[in-house]
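Each chain, written out:
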Amino acid sequence: MRKNRTFTMIKPDAMENGYAGLIIAHIEKAGFKLIAMKLTQLDKDSAEKFYEIHKGKVFFNDLIQYITSGPIIAAILEKENAVEDFRKLIGNTNPEEADEGTIRNMYAKSIDANAIHGSDSDENAQIEGDFHFSN
Ligand code: GDP
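What comes next concerns the included structure. (Residues numbered from 1 in each chain as written. Predicted model: local features only at pLDDT ≥ 70, side-chain atom pairs only at ≥ 80, totals over all residues. Heavy atoms only, no water.)

Of the regular secondary structure elements, the protein holds seven helices and four strands. In sequence order, the secondary structure elements of the protein are arranged as β-α-α-β-α-α-β-α-α-β-α. For 135 residues, the compact-globule formula gives about 14 Å, and the C-alpha radius of gyration of the protein, at 14 Å, lands near that figure. The principal-axis extents of the C-alpha atoms in the protein amount to approximately 40 × 35 × 25 Å. Taking all 135 residues of the protein together, 46% fall into the buried category. The long-range share in the protein, meaning contacts at least 24 apart out of those at least 6 apart in sequence, stands at 76%. With the model as given, the accessible surface of the protein reaches about 7600 Å², and the carbon-plus-sulfur share is 47%. (Helix = DSSP H or I, 4+ residues; strand = E, 2+ residues; numbered from the N terminus. Rg over C-alpha atoms; globule rule 2.2 N^0.38 Å. Buried < 20%, exposed > 50% of the residue type's maximum accessible area, 1.4 Å probe, protein only. Contact = heavy atoms within 4.5 Å. Areas by Shrake-Rupley, 256 points an atom, 1.4 Å probe, with all protein chains shown as cover.)

Take a look at the structure:
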């Protein structure tokens, strides 16, 4: 299968809890190659743009407040079947439902602060990667 790319963010709770290094090691161990990576922090406007699809949902304001609350690590990753395999690696959006051994199972405590983001399609991986790395 052709190698492809996905986009990830290590979110503020994981950064605050000191899990960034462990999570990156876990990602590399699973066969993902780091293509681009940066430590950054989203402001309100950027966060609202990034999560535009969720605008109007009950959790939107909490989501924006949370994702802007501290630094994140944004990264582009490469691997065969990257998007699907990375979604499996991070586990269910709700850590309580995430399979054992997944990143959210190990490093996240709640659906609001769930340690990591992974793109859900090739198209979004491209859009989200460009969002963070195109300037
Ligand atoms: P993901 O791709 O698994 O991160 O999930 P989504 O892209 O659908 O949602 C983005 C983020 O919004 C998730 O990681 C959650 O932190 C949050 N979120 C999504 N759905 C819910 C929900 O039903 N309730 C709450 N409280 N937060 C949610």
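Strand order in the open sheet made by the four strands is β2-β3-β1-β4, with antiparallel pairing throughout. Both outer strands of the open sheet, β2 (33–40) and β4 (116–118), are each paired with one neighbouring strand and no more. The average angle at which neighbouring strand axes cross in this sheet is 20°, direction not considered. With eight bridges joining them, strand β1 (residues 3–10) and strand β3 (residues 72–80) adopt antiparallel strand pairing. Residue pairing in the sheet places Thr6 in a bridge with Leu77 of β3. Lying on the sheet, helix α5 (residues 82–90) is in contact with β1, β3 and β4; it crosses β1 at an angle near 35°. (Pairing = 2+ DSSP bridges. Axes fitted to C-alpha atoms, helices over the stretch in contact; angles between N-to-C directions.)

With that settled, consider the site of the ligand. Around the ligand sit Lys11, Tyr51, His54, Phe59, Leu63, Arg87, Thr93, Arg104, Ile111, Asp112 and Asn114, and that is every residue in its neighbourhood. At 3.0 Å, a side-chain N or O of Lys11 approaches an oxygen atom of the ligand. Contact between the ligand and Arg87: an oxygen atom at 2.7 Å from a side-chain N or O atom of the residue. With the chains in place, 75% of the 540 Å² that the ligand exposes on its own is no longer accessible. (Near = heavy atom within 4 Å. Polar contact = N/O pair within 3.5 Å; in protein donor to acceptor, adjacent residues only side chain to side chain.)

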